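Residue-level structural notes
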There are 2 protein chains.
Amino acid sequence: MFIAGDAGGTSTRAVAIDRAGNVLGYGRSGGGNPTSAGVAAAVVSIGAAVESAVNRLTADEVEAVAIAVAGEQTEAFTTQLAERLGRLGLRPAVLQPDLLAMFHSGTHRPEGYGMIAGTGSIAARIRDGALHRVVGGKGWLLGDAGSGFWIGHRVARAVVSALDGQGPATALTPLVLKTLGIAAEPARSAVRQLVSALYGRRPVQLAEFAPLAFAAVAAEDPVARQILAEGAAALADLLSTIREPGLTGPVVLGGSVLVRGYLAGPAELRDRLGLPTEEAVVVSDGVVGAAVLALRGAGVVVDERLFEGLRAGVAGVS
Amino acid sequence: MFIAGDAGGTSTRAVAIDRAGNVLGYGRSGGGNPTSAGVAAAVVSIGAAVESAVNRLTADEVEAVAIAVAGEQTEAFTTQLAERLGRLGLRPAVLQPDLLAMFHSGTHRPEGYGMIAGTGSIAARIRDGALHRVVGGKGWLLGDAGSGFWIGHRVARAVVSALDGQGPATALTPLVLKTLGIAAEPARSAVRQLVSALYGRRPVQLAEFAPLAFAAVAAEDPVARQILAEGAAALADLLSTIREPGLTGPVVLGGSVLVRGYLAGPAELRDRLGLPTEEAVVVSDGVVGAAVLALRGAGVVVDERLFEGLRAGVAGVS
């Protein structure tokens, strides 16, 4: 038996599986990303999800634990997580890059591309079942073009500029003001309150405004359309940086901005990403991929049949 | 007699003048902006500069004190400043917007435009000797397009992107790495150290990289050229927002990015700002303007002759 988990920014999910890919247990808990949630809270979340997944199994039946996590791991995190799993009678987890797990949630093939656009944006070329080249993922200040932060930041600037009389009026203004509970009139007071409210929050929280851009573009707002067109171009550029001739795909896509934003929106945005439909695989998280990595780590050959069974099994419990 | 001062981000200057615009004293001290330096430090700086300017005069000869300061003033600042000036035997200062003082450092005329681009960017239309319409000045996160922060932020992103292999190579890379004392090779280690160093500083400190863009553009770097072209377009847009037909100028320009950057650089950047040379007046600070405002506040008519005398007098002592 194996435990495979995906420790995401808003939730953590774990499954227990056997060598044939049958799903024997499932657990879900809160945010498990040690960078955004903090090490202690992340360890609590991962521990809870794993404990639920183990459930009726006995710990000595578990051969290995694979957990997908974003970013570089600190020693504090690995130590505290090992301690928590040890209390469940489990060995320390093998930590896997979330981008690789996400890729393998979409395919059992060992080669292709993966791109995530949620709060941040990152893409990778995968070869021999490992990350071969990664671009992006440099955070809100220095990178993450086309991401939720990037879009939300532009939304906020466009609204401030519109209220200031510099930029064009936009349907984003009432949406943003309503979100923050600020009265639209008088405009001078609205812009002062808006500026003050936004500087009072962490910059990365601007990502919360990204869904407003997708809502406004659905209502044909030209300012939102421009922001999303530039965001799509940035994501297409990110992907093109790691594309190489002779490696066709698949291209596995994840993250709220891609999945619930761009890919659920008007077709022209999908086209701008330059992805033929037959190549693109959309996934909601990295749980299936973490399971693929756990099995592969134990020498199990994950073929198409095993992979499809695993995917159906995880979909059935989650 | 009057005291007029300009409390800037890096230095504070004050002059003592008489009704005819003769300069009778001068003082200079550290940063006097209560927002960036803190209220207590700003009051110390302003107090020191004013005390030096008063010098051999007796306080009861001083009719009024005018101090130019950026941003909105808190009660703590006005109270502590009044107390400090009171200890010199002076009445509370009349606080003036730095943008208005900067404008009047360039002209005695009561109408025209002023634009500052230093760490931030802001512009105003002036009518009847007062700020009639102000745009910009919304800070690094929400505004300040074309400013030192805006340029420095793009410089940092371009260097991270170049090191990451996504963006084109640029002469900015060695300049930025040298500034931070990071070895250029291996690139993977350089980008990691760079990202870590930049997230460890306050975002607004990215403004320190703006001069590197002007240096790189002088060496024909296309990436720096693109950044500065977009910055110039943003500043031109800021100015055009407040321009109105029938009000021709003058256009008074201040701030390090405009004065030591754009206006000292290649002619094409000056052209992009859309400013005919005959209309543009470049100033280094708001001391002369604070003196104009002090005199005007006391009912003195500041004509061209008095203004030119004042300007020559301040230039002579500072």
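Note that the structure is a prediction, hence the values are computed from the model and not measured.

1. Regarding the nonpolar core
- In terms of nonpolar packing, the biggest core is built from 103 residues, with Ala4, Val155, Leu172, Ala213 and Ala291 of chain A touching the most fellow members.
- With ten residues, helix H6 (residues 148–163) of chain A is the single largest residue contributor to this core.
- Residue contributions to this core reach at least three from each of two domains, namely domain 1 (2–107 + 284–317) and domain 2 (112–142 + 229–282) of chain A.
- Counting residues in hydrophobic clusters, the runner-up holds 102 residues, among them Val176, Ala224, Val252 and Phe307 of chain B.

2. Some points on the sheet that holds strand S1 (residues 2–7) of chain A
All names here are of chain A.
- The sheet built from five strands is open, its strands ordered S3-S2-S1-S4-S5 with mixed pairing. Each end of this open sheet is capped by a strand with a single partner; those strands are strand S3 (23–29) and strand S5 (94–97). Pairwise comparison of adjacent strand axes, ignoring direction, gives a mean angle of 20 degrees for this sheet.
- Relative to strand S4 (residues 64–69), S1 runs parallel, the two sharing six bridges. Residue pairing in the sheet places Gly5 in a bridge with Ile67 of S4.
- Its contacts with the sheet place helix H13 (residues 287–297) against S1, strand S2 (12–17), S4 and S5, and it is angled at close to 140 degrees to S1.
- Set on the sheet, helix H14 (residues 304–317) makes contact with S2 and S3; between it and S3 the angle comes to about 50 degrees.

3. Some thoughts on the sheet that holds strand S7 (residues 121–127) of chain A
All names here are of chain A.
- A sheet is described by the order of its strands in space; here five strands give the open sequence S8-S7-S6-S9-S10, paired in mixed fashion. Looking at the sheet topology across the chains shown, the edges are occupied by strand S8 (130–136) and strand S10 (280–282). Averaged over all pairs of adjacent strands, the angle between strand axes in this sheet comes to 20 degrees, irrespective of strand direction.
- The strands that helix H4 (residues 98–106) touches are strand S6 (112–117), S7, S8, strand S9 (251–254) and S10; relative to S6, the one it contacts most, it runs at about 115 degrees.
- Lying on the sheet, helix H10 (residues 222–242) is in contact with S6, S7 and S8; it crosses S7 at an angle near 25 degrees.

4. Considering the relation of the copies chain A and chain B
- Expressed as a screw transformation, the operator carrying chain A onto chain B has a rotation angle of 180 degrees and an axial translation of 0.1 Å, and the superposed copies differ by an RMSD of 0.1 Å. Overall, the copies show the geometry of a two-fold rotation axis.
- When the interface residues of chain A are mapped onto chain B, 100% of them again fall at the interface, so both copies present the same face.

5. A look at the interface of chain A and chain B
- The interface of chain A with chain B comprises 18 residues on the first partner and 18 residues on the second.
- Counting residues per element, the ones that place at least two in the side of chain A that touches chain B are helix H5 (139–142), H6, helix H8 (187–199) and H10 of chain A.
- Counted by class, the side of chain A that touches chain B contains ten nonpolar, five polar and three charged residues.

6. Regarding the domain arrangement of chain A
Residues and elements named next belong to chain A.
- Domain parsing of chain A yields domain 1 (2–107 + 284–317) and domain 2 (112–142 + 229–282).
- One C-alpha centre belongs to domain 1, the other to domain 2; they are set 24 Å apart.
- Contact with domain 1, which involves ten residues of that partner, is made by 15 residues of domain 2.
- The dominant element in the side of domain 1 that touches domain 2, judged by the number of residues it contributes, is H4, at five residues.
- Residues of the side of domain 1 that touches domain 2, tallied by class, amount to five nonpolar, four polar and one charged.

7. Thoughts on the environment of Val176 of chain B
Residues and elements named next belong to chain B.
- Mapped onto the elements of the fold, Val176 is located in helix H7 (residues 172–180).
- For Val176, a count of 27 C-beta atoms within 10 Å corresponds to the buried category.
- In the structure, Val176 is positioned 32 residues away from Glu208 in sequence and 9.8 Å away in space, judged by C-alpha atoms.

8. Remarks on the packing of H4 of chain A against H13 of chain A
Residues and elements named next belong to chain A.
- The geometry of H4 relative to H13 is characterised by a closest axis approach of 6 Å and an angle of 95 degrees between their N-to-C directions. It follows from the interaxial angle that H4 and H13 lie roughly perpendicular. Residues Leu100, Ala101, Met102, Phe103, His104 and Ser105 of H4 pack against Val287, Val288, Gly289, Ala290, Val292 and Leu293 of H13.
- Residue classes in the contact of H4 with H13 are distributed as nine nonpolar, three polar and no charged.

9. Some words on unusual backbone geometry
- Looking along the chain, the bond that leaves Glu185 of chain B and enters Pro186 of chain B is cis, with omega of -10 degrees.
- With respect to the helices and strands, Pro186 of chain B occurs in the loop between H7 and helix H8 (187–199).
- The peptide bond linking Gly249 of chain B to Pro250 of chain B adopts the cis configuration, its omega dihedral lying at 5 degrees.
- With respect to the element layout, Pro250 of chain B can be found in the loop between helix H10 (222–242) and strand S9 (251–254).
- Phi is positive for Asp144 of chain A, which is not a glycine, with a value near 60 degrees.
- Tracing the chain through its elements places Asp144 of chain A in the loop between H5 and H6.

Cut-offs applied
- Residues numbered from 1 in each chain as written.
- Chains lettered and ligands numbered in written order.
- Predicted model: local features only at pLDDT ≥ 70, side-chain atom pairs only at ≥ 80, totals over all residues.
- Core = buried A, V, L, I, M, F, W, Y, C linked by C-beta atoms within 7 Å.
- Buried ≥ 20, exposed ≤ 12 C-beta atoms within 10 Å, placed from the backbone.
- Helix = DSSP H or I, 4+ residues; strand = E, 2+ residues; numbered from the N terminus.
- Domains from an automatic or database assignment.
- Pairing = 2+ DSSP bridges.
- Axes fitted to C-alpha atoms, helices over the stretch in contact; angles between N-to-C directions.
- Contact = placed C-beta atoms within 7 Å.
- Least-squares fit on C-alpha atoms with pLDDT ≥ 70 in both.
- Nonpolar A, V, L, I, M, F, W, Y, C, P; charged D, E, K, R; others polar.
- Parallel < 35°, antiparallel > 145°, perpendicular 65-115°, else oblique.

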